[in-house]
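Residues per chain, in single letters:
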Amino acid sequence: MYLKNYNLDELKSWCVEQGVEQYRAAQILNAVYTNNLGDFTQIETLPKAFREKLIKTFEMFSIKISKVRKSVDGSVKFLFELHDGKHIEAVYMPWYDDDFDTMERITLCISSMAGCPVECAFCATGTLGLLRNLDSAEIIDQILLVQKELGCEITNIVFMGMGEPLLNYKNVVKSLEIMTAEWGLNLSRRKITLSTVGITNRIKQLHKEIRPVKLALSLHATTDETRGKIIPLAKNLKLSELLSAVEEYYRETKMPVTYEYIPFLGFNDTPADARRLAKILKRVPSRVNIIPFNDISFAMPSGFGKELKPTPKNLILEFGDIIRQNGGRVTIRDTFGQDIEAACGQLALS
Ligand code: SAH
Ligand code: SF4
């Protein structure tokens, strides 16, 4: 059993079942999350016999680091092995201020699944299909193991590694509880971004959870027809309903939304696309993050993905300008870790 699948209430109940005082649960979680202790013998506030009980019952870590690759730009890619031999990845990204003096934040890009069932035409993870969902402990341990390995404190989390978080809803929501709880990692929910391909009914549910986090929607196209060509499940989801769910999410949480958009040459990067995108952006406080396409056609045996080509930088800049002229806010992502194939969304095959 993995301890990090338990929240405070569940661990209290377990303590009571063992005939131990409830307050021990908070002591255990404090040692695990605040002090990041590596094993139960180190929790000296607990009676020795109880520590032994913990060792017999729980495993401290649910995954292990199997490879670490450092990029020249400071980002670090972690490959983790799961207990059944499958692999997932996370990417550590330090952000400095303009003078490179102080580190402003440290973002960890984490996975929610091994593989992904959505199989978007442009995505390396999608070529694997769904291998399996991660449980909450496996999601949380990515953070704890990176902090331990690098001796750092992660300040921001993005769900932009492998998998579609809203199709592993229950475990992802529990991991959000652990990340944001005072007894857990105690991160502000504003420092956590959940990126989704757009599961309309789950977006409508997410804002009702205790601590909803920031939402990023992987839009990539502005009409149902184009979107359906690159995101198979978009064939059965209406963009108009999806965008209404995003609007509702904003109304309920008051947190600006990010749209992600990968321009593909001649496919979704025309001036008309830019104007439609700007119109979408004006519906709620939001911005679009334009992500240059990491060409993965080498990994595509067949299918539409083979036809997708990156829009060159100068055309991306023009595309961004048209969005701005039409009143939308735009950022263009610098890709981190290109020398170690660590860009988010390119995490499966290397
Ligand atoms: N399933 C979620 C989160 C994981 S993917 C989602 O789709 O949003 C994280 C981001 O990486 C998404 O915006 C996705 O569109 C992007 N991505 C996937 N493959 C990519 C590629 N080859 N190049 C650039 N970005 C990619
Ligand atoms: Fe899955 Fe996201 Fe990749 Fe699509 S882009 S296949 S939803 S991980």
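Residues numbered from 1 in each chain as written. Chains lettered and ligands numbered in written order. Predicted model: local features only at pLDDT ≥ 70, side-chain atom pairs only at ≥ 80, totals over all residues. Heavy atoms only, no water.

Domain boundaries assigned for the protein chain yield domain 1 (3–57) and domain 2 (63–340). For domain 1 and domain 2, the distance between their C-alpha centres works out to 34 Å. Taken together, the contact between domain 1 and domain 2 spans 12 residues of the former and 14 residues of the latter. For the domain 1 face of the interface with domain 2, the top three residues by lost area are Lys4, Tyr33 and Asn36, together amounting to 52%. In this assembly, domain 1 and domain 2 are joined by two salt bridges. Here Lys4 ties to Asp141 by a salt bridge, and the two come within 2.5 Å at their closest N and O atoms. Counting the contacts that link domain 1 with domain 2 gives eight residue pairs in polar contact (both at pLDDT 80 or more). Counting residues per element, the side of domain 1 that touches domain 2 draws most heavily on helix 2 (residues 23–34), at three residues. Of the residues belonging to the side of domain 1 that touches domain 2, the class tally is six nonpolar, four polar and two charged. (Domains from an automatic or database assignment. Contact = heavy atoms within 4.5 Å. Buried area = accessible area lost by both parts, 1.4 Å probe. Salt bridge = Lys/Arg side-chain N within 4 Å of Asp/Glu carboxyl O. Polar contact = N/O pair within 3.5 Å; in protein donor to acceptor, adjacent residues only side chain to side chain. Helix = DSSP H or I, 4+ residues; strand = E, 2+ residues; numbered from the N terminus. Nonpolar A, V, L, I, M, F, W, Y, C, P; charged D, E, K, R; others polar.)

Around ligand 1 sit 20 residues in total, of which Phe122, Gly163, Ser195, Ser218 and His220 are the nearest. Contacts to ligand 1 include Glu260, whose side-chain N or O atom sits 3.3 Å from an oxygen atom. Within the backbone of Asn294, one N or O atom sits 3.0 Å away from a nitrogen atom of ligand 1. Coverage of ligand 1 by the protein amounts to 96% of the 530 Å² it exposes when considered alone. Residues that form the shell around ligand 1 fall into these classes: 10 nonpolar, eight polar and two charged. (Near = heavy atom within 4 Å. Areas by Shrake-Rupley, 256 points an atom, 1.4 Å probe, with all protein chains shown as cover.)

Position of Lys238 among the secondary structure elements: in the loop between helix 7 (224–230) and helix 8 (239–253). Lys238 sits 38 residues away from Thr200 along the chain, and the two C-alpha atoms are 8.8 Å apart.

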